[in-house]
Amino acid sequence: MADTILVTGGAGYIGSHTVLELLEAGYKLVALDNYSHSYPKSLEVVKELTNQAFPVYEGDVRDKDLLQQIFSQHPVTGVIHFAGFKAVAESTQQPLAYYDNNLVGLLCLLEVMEEQGCKNLIFSSSATVYGQPTHLPLGEDAPLSVTNPYGRTKLIGENILRDLYAQDPTWNLVLLRYFNPIGAHPSGRLGEDPQGVPNNLVPYMTQVASGLRDHIRVFGNDYDTPDGTGVRDYIHVVDLSRGHVAAMKKWAPGSGLSIYNLGTGQGYSVLEMIQALSRAVGRDLPYKIYPRRPGDIASCYADPRKAQTELGWSAQLDLEAMCRHAWSWQQQHPQGFQD
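Our subject in this report is the structure included herewith. (Residues numbered from 1 in each chain as written. Predicted model: local features only at pLDDT ≥ 70, side-chain atom pairs only at ≥ 80, totals over all residues. Heavy atoms only, no water.)

Each pair of packed helices can be described by the angle between their axes along with the distance between the axes. Here helix H3 (residues 64-73) crosses helix H5 (residues 95-116) at 35°, and the two axes come no closer than 10 Å. Taken as a pair, H3 and H5 cross one another with a handedness that is right-handed. Within the contact between the two elements, H3 uses Lys64, Leu67, Gln68 and Phe71 and H5 uses Cys108, Leu109, Glu111, Val112, Met113, Glu115 and Gln116. Tallied by class, the residues present in the contact of H3 with H5 amount to six nonpolar, two polar and three charged. (Axes fitted to C-alpha atoms, helices over the stretch in contact; angles between N-to-C directions. Helix = DSSP H or I, 4+ residues; strand = E, 2+ residues; numbered from the N terminus. Left-handed = near helix turned anticlockwise from the far one by under 90°. Contact = heavy atoms within 4.5 Å. Nonpolar A, V, L, I, M, F, W, Y, C, P; charged D, E, K, R; others polar.)

Now the structure itself:
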């Protein structure tokens, strides 16, 4: 397979796992990352796990000269675009940084791709574009709305791609709306290494389990859900990464613009997640109830049937595996990739 894939944000949590899956599927690739929210070590681990080498560029997706250099030196036929900031709370504090990084980065990438005649793109979007769900499960045709700057950058990004395709239908564009990726590579050597206090539930829980934090914070127990805590669709990061490999079949000429949910279709509450990780760890994990966070919704889970029908992809790894692998990563890397 001669195709070379450019993976922007390739050293990040989802990016590094997808790089690994691409290599194991036989693709050649080049990775780009500025390490603002990631570590070079992640791609070193990928090279060790796959026993394959690939070029890695340190730099920003907004650097058009660097992008042109990459395209001139490698026969890039498609791009998987992960590079973006993704913390909801941070986006409300730093909206300009989010618009600059997420939207200017996308525009620079598209302009260089157009110059180079490369018109195959997979865009990393998010279930946050659905906002407050009007019904569940969420299909790709559900109404779109956003409640924070991060979500707005994803929705604007999707609209940029829709407008581009309307102007030039020779592009093959795939928008993947992620639900809640968790877990780690089964080896325990590659996983999620958030900088500072984790924004996401599972890395926070594993840090509690390893003694780095006192207790799990549960924000709200009065939602309209079976146990009062928020319900989300958690998907194993390996399944999510394989979804990108499956989506590349939509790069066939004339495929157009496609949108897919990547989720399991199963919702779990925060308390169910604490119980599941407690089983993986072998002891009960302490938690405390806190007030709701502004902007949080009660329930959100996917209808993933479109991806199964059109891409032949569905999530294979269950909640037990997600928690077991997340805990294995935490045990092997109490300080993340800096260990």
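So, about the pattern of salt bridges. Evaluation of the coordinates by the stated rule reveals 13 salt bridges. For Arg62, the salt bridge goes to Asp60, with nearest N and O atoms at 2.8 Å. A residue is classified by how much of its surface remains accessible, and Arg62, at 27% relative accessible area, is partly exposed. Two residues, Glu310 and Lys250, come together in a salt bridge whose shortest N-O distance is 3.8 Å. With Glu310 in helix H10 (residues 305-311) and Lys250 in the loop between helix H8 (237-247) and strand S11 (257-262), this residue pair connects regions lying 60 residues apart in the sequence. Its relative accessible area of 36% is what places Glu310 among the partly exposed residues. One network of salt bridges, in which partners are shared, links Asp60, Arg62 and Asp100. (Salt bridge = Lys/Arg side-chain N within 4 Å of Asp/Glu carboxyl O. Buried < 20%, exposed > 50% of the residue type's maximum accessible area, 1.4 Å probe, protein only.)

Take the packing of aromatic side chains next. Across all of its chains, the model carries five aromatic pairs by this definition. Pairing Phe219 with Tyr290 gives two aromatic rings, centres 5.8 Å apart and planes at 50°, and the pair type is tilted. You can see Phe219 sitting in strand S8 (residues 216-219) and its partner Tyr290 sitting in strand S13 (residues 287-290), a full 71 residues away along the chain. Judged by its relative accessible area of 23%, Phe219 is partly exposed. Between Trp329 and Phe337 the ring centres are 4.9 Å apart and the planes differ by 55°, which places this aromatic pair in the tilted class. We note that Trp329, like Phe337, is buried. Taken together through their ring pairs, the aromatic side chains of Tyr39, Trp329 and Phe337 make up a single cluster. Between the NZ or CZ atom of Lys47 and the centre of the ring of Phe54, over which it lies, the distance is 5.0 Å. The cationic tip of Lys306 hangs over the ring face of Tyr260; the distance from NZ or CZ to the ring centre is 5.1 Å. (Phe/Tyr/Trp six-rings, centres within 6.5 Å; stacked < 30°, edge-to-face > 60°. Lys NZ or Arg CZ within 6 Å of the ring centre and 35° of its normal.)

The next thing to look at is the sheet that holds strand S9 (residues 231-232). The strands that make up a sheet pair up through hydrogen bonds in the backbone, lying either parallel or antiparallel. Pairing is mixed across the open sheet formed by three strands, whose spatial order is S12-S9-S14. Taken across any chain shown, the strands that pair with only one partner, and hence form the sheet edges, are strand S12 (268-269) and strand S14 (299-300). (Pairing = 2+ DSSP bridges.)

Here the focus is empty space enclosed by the protein. Within this structure, the stated rule accounts for two cavities of 30 Å³ or more. Counted as a void, the largest cavity has a volume near 80 Å³. Lining of the largest cavity is provided by Tyr13, Ile182, Gly183, Glu192, Val202, Pro203, Thr206, Ala326, Trp329 and Gln330. Those elements giving two or more residues to the lining of the largest cavity turn out to be helix H7 (201-209) and helix H11 (319-332). For the lining of the largest cavity, a count of residues per class yields six nonpolar, three polar and one charged. In this structure, the second largest cavity occupies an estimated 60 Å³ of space. In terms of lining, the second largest cavity is formed by His81, Phe82, Ala83, Gly84, Asn102, Leu103, Leu106, Phe123, Thr153, Lys154 and Gly157. For the lining of the second largest cavity, the secondary structure elements donating two or more residues are H5 and helix H6 (149-167). Grouping the amino acids of the lining of the second largest cavity by side-chain chemistry returns five nonpolar, five polar and one charged. (1 Å grid on protein atoms, 1.4 Å probe; cavity = no way out; pocket = protein on both sides within 12 Å on 5 of 7 lines; lining within 4 Å. Points joined across faces, edges and corners; volume = space filled by probe spheres on them.)

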